[in-house]
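Architecture at a glance
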Amino acid sequence: MNLFQYAKKYGSYSFSEVPFNEVDNIVFTQIPYLPLNEIVGGFGEEPITIEELVKRMSSLKIRKGLKGTFYKSVFKLMKQLATTKRYQSLLVYNYVKEVDHNKQFGAITIKLPDNSIYVSYEGTDTAISGWKEDACMTYQFPIPAQELALRYLKRTISIHDKSIMLGGHSKGGNLAVYAAMESPSYLQRKIKVVYNNDGPGFLKEIVESKKYQKIKSKIYKIVPHESVVGMLLYYDGYMKSIKSKRKSLLQHDPFHWQISETSFTEDNLSNYSIRVHEKVKGWVEDLRVHERERCVEDLFDTLAFSDVLETYDFFSIGKSISTIREIRHLEESSKKNLWDAVKIIV
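Residues numbered from 1 in each chain as written. Predicted model: local features only at pLDDT ≥ 70, side-chain atom pairs only at ≥ 80, totals over all residues. Heavy atoms only, no water.

1. Looking at the overall build of the protein
In terms of helices and strands, the protein carries 14 helices and ten strands. Relative to its 346 residues, the protein shows a buried fraction of 55%. Considering only contacts in the protein between residues 6 or more positions apart, those separated by 24 or more positions represent 71%. Only carbon and sulfur atoms are counted for the fraction: they give 53% of the accessible area of the protein, which is about 16000 Å². (Helix = DSSP H or I, 4+ residues; strand = E, 2+ residues; numbered from the N terminus. Buried < 20%, exposed > 50% of the residue type's maximum accessible area, 1.4 Å probe, protein only. Contact = heavy atoms within 4.5 Å. Areas by Shrake-Rupley, 256 points an atom, 1.4 Å probe, with all protein chains shown as cover.)

2. Regarding the environment of M231
Assignment of secondary structure puts M231 in the loop between β7 (219-224) and β8 (239-242). Taking relative accessible area as the criterion, M231 reaches 4% and is therefore assigned buried. Once you skip the residues sitting within four places of it in the chain, M231 turns out to touch V223, M239, L269, S273, V276 and H277.

3. Considerations on helix α4 (residues 69-81)
With 13 residues, α4 extends 18 Å between its outermost C-alpha atoms, agreeing within 8% with the 18 Å of an ideal straight helix rising 1.5 Å per residue. For α4, the set of buried residues is F70, Y71, S73, V74, F75, L77, M78 and L81. Considering only its buried residues, α4 is in contact with α1 (3-10), α2 (22-30) and α3 (50-59). (Expected span 1.5 Å × (residues − 1).)

4. Considerations on the packing of helix α6 (residues 144-156) against helix α7 (residues 171-182)
Working note: a packed helix pair is described by the angle between its axes plus the distance between those axes. The interhelical angle for the contact between α6 and α7, taken along N-to-C directions, is 60°, at an axis separation of 8 Å. With respect to their mutual orientation, α6 and α7 come out oblique. Handedness of the crossing formed by α6 with α7: right-handed. Two secondary-structure elements touch here, α6 through A145, Q146, E147, A149, L150 and L153 and α7 through K171, N174, L175, Y178, A179 and E182. (Axes fitted to C-alpha atoms, helices over the stretch in contact; angles between N-to-C directions. Parallel < 35°, antiparallel > 145°, perpendicular 65-115°, else oblique. Left-handed = near helix turned anticlockwise from the far one by under 90°.)

5. Some thoughts on the pairing of strand β6 (residues 191-197)
Among the seven residues of β6, six are classified as buried, and the element is accordingly described as predominantly covered. For strand β5 (residues 164-169) and β6, the ladder comprises six bridges, and the chain directions are parallel. By the bridge assignment for β6, H169 is matched with N197. (Pairing = 2+ DSSP bridges.)

6. Overview of unusual backbone geometry
The omega torsion of the bond from F141 to P142 falls at -5°, within 30 degrees of zero and hence cis. Its identity as a non-glycine residue notwithstanding, S170 has a phi of 65°, on the positive side. By the secondary structure assignment, S170 is in the loop between β5 and α7. A positive phi angle, near 65°, is found at L233, a position not held by glycine. With respect to the secondary-structure elements, L233 resides in the loop between β7 and β8. On the basis of relative accessibility, which here comes to 4%, the residue L233 falls in the buried class.

7. Re the packing of aromatic side chains
Within this structure, the stated rule accounts for 25 aromatic pairs. Taking 6.0 Å as the distance between ring centres and 85° as the angle between the ring planes, the aromatic pair formed by F15 and Y87 counts as edge-to-face. Taken together, the residues span a long stretch of sequence, with F15 in the loop between α1 and α2 and Y87 in the loop between α4 and β2 (91-100) at a distance of 72 residues. Aromatic side chains Y33 and Y71 sit 6.3 Å apart centroid to centroid with 80° between the ring planes, which places their arrangement in the edge-to-face category. Placement of Y33 in the loop between α2 and β1 (48-49) and of Y71 in helix α4 is noted, with a sequence separation of 38 residues between them. A relative accessible area of 11% places Y71 in the buried class. Feature note: the residues F15, F20, F28, Y87, Y118, Y195, Y220 and Y238 constitute an aromatic cluster, connected by ring pairs. (Phe/Tyr/Trp six-rings, centres within 6.5 Å; stacked < 30°, edge-to-face > 60°.)

8. Brief notes about the nonpolar core
Within soluble globular proteins, side chains that are nonpolar tend to cluster in buried spots. Grouped together as the largest cluster of nonpolar side chains are 53 residues, with contacts concentrated most on F105, V119, Y121, L153, L166 and F202. Core analysis: the next-biggest nonpolar cluster, separate from the first, contains 50 residues, A7, V27, I39 and V193 among them. (Core = buried A, V, L, I, M, F, W, Y, C linked by side-chain atoms within 4.5 Å.)

9. Let's talk about the environment of V40
Within the secondary structure, V40 is located in the loop between α2 and β1. Residues V40 and I50 lie ten residues apart in sequence; the distance between their C-alpha atoms is 9.9 Å. Contacts of V40, omitting those with residues within four sequence positions, involve I48, L53, V92, Y93, Y95 and I108.

10. Details of the environment of G172
Examined against the element boundaries, G172 turns out to sit in helix α7. Residue G172 is classed as buried on the basis of its relative accessible area of 0%. Filtering out sequence-adjacent residues up to four positions away, G172 remains in contact with Y121, E122, G123 and G167.

11. Focus: the sheet that holds β2
Taken in spatial order, the eight strands make up an open sheet running β1-β2-β3-β4-β5-β6-β7-β8, and their pairing is mixed. Among the strands making up the open sheet, the edge pair consists of β1 and β8. Seen against the sheet, α6 touches β2, β3 (103-111), β4 (117-121), β5 and β6 and runs at an angle of roughly 25° to β3.

12. Thoughts on the pattern of salt bridges
Evaluated as defined, the whole model comprises 13 salt bridges. K9 is paired through a salt bridge with E261; the nearest N and O atoms lie 3.0 Å apart. Pair noted here: K9 is in helix α1 and E261 is in the loop between β9 (259-260) and β10 (263-264), with a separation of 252 residues, a long-range link. Note on E261: relative accessible area 41%, which makes it partly exposed. One salt bridge connects E297 with K132, and the closest N-O pair in it is separated by 3.2 Å. In this pair, E297 sits in helix α12 (residues 289-305) while K132 sits in helix α5 (residues 128-136), placing the two residues 165 residues apart along the sequence. (Salt bridge = Lys/Arg side-chain N within 4 Å of Asp/Glu carboxyl O.)

Structure below.
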């Protein structure tokens, strides 16, 4: 089964009949990928149901503005959820989206029928600023989105909320772990589980810190068996490797993850993923902090000069040629470090 088939098969069951599970977690992580600024209210505004969310999206003809197969798949899934007993009456609220030249952040809160809360953090979208933030994790802690994730968690959880789950796909998974790790004790006691769904890890010193180790037992990491993104940087704790119908980096798309009833189908982590993990650690350890920073800044300065602002710009022949030309003008040491980084996933 895939996500669409899961929603069809289990959509007729309530959460009391079939309890919340790891597949529902992935379903929830897809919601903040959609442009919901005019649809779901922010702090202080009334919650709406999933059913109402889809009605508003349809009336505003949001789908026409969605670029790429992934975002269209998310919208298709949401339309399906809105017709099911399991999901249509769930409340969503406190939607936040912030994007500028150095950060990309999104989050939404979902309330289940038993009043438990799922805080869903958006992963990296098509904005290059978000991808730069991901790269900054190799030398910077915290990044702006991580700080916003903690601020969001503190604000969205009320004194009446007793059972909290955090999660996200891609960078969103990393943000969920950071928010849990840095949250005050009264919030940490309420957090039952933190889902990091194929999201990157952290620098070695962060993973070894007391704050991380304190919440390690609550982290539930899921990665496809040929994961790339989920293998970046360091991780300590439980990790479930699962089957995907795609290969390599394309496995990052959860719409191709394979499901057996109410859980993802397990599979052994591939040698390719293990090599990626080791290569990333080697690249980080071989370069000093300022060298990593210089490498990231050189790359994204080059992209900015070539007017590459969205991932879709990579499909522009003119902008791609301009980027290659600019990279040729970099110092030899910078070119080498960039090439070493690229070779990690090739």
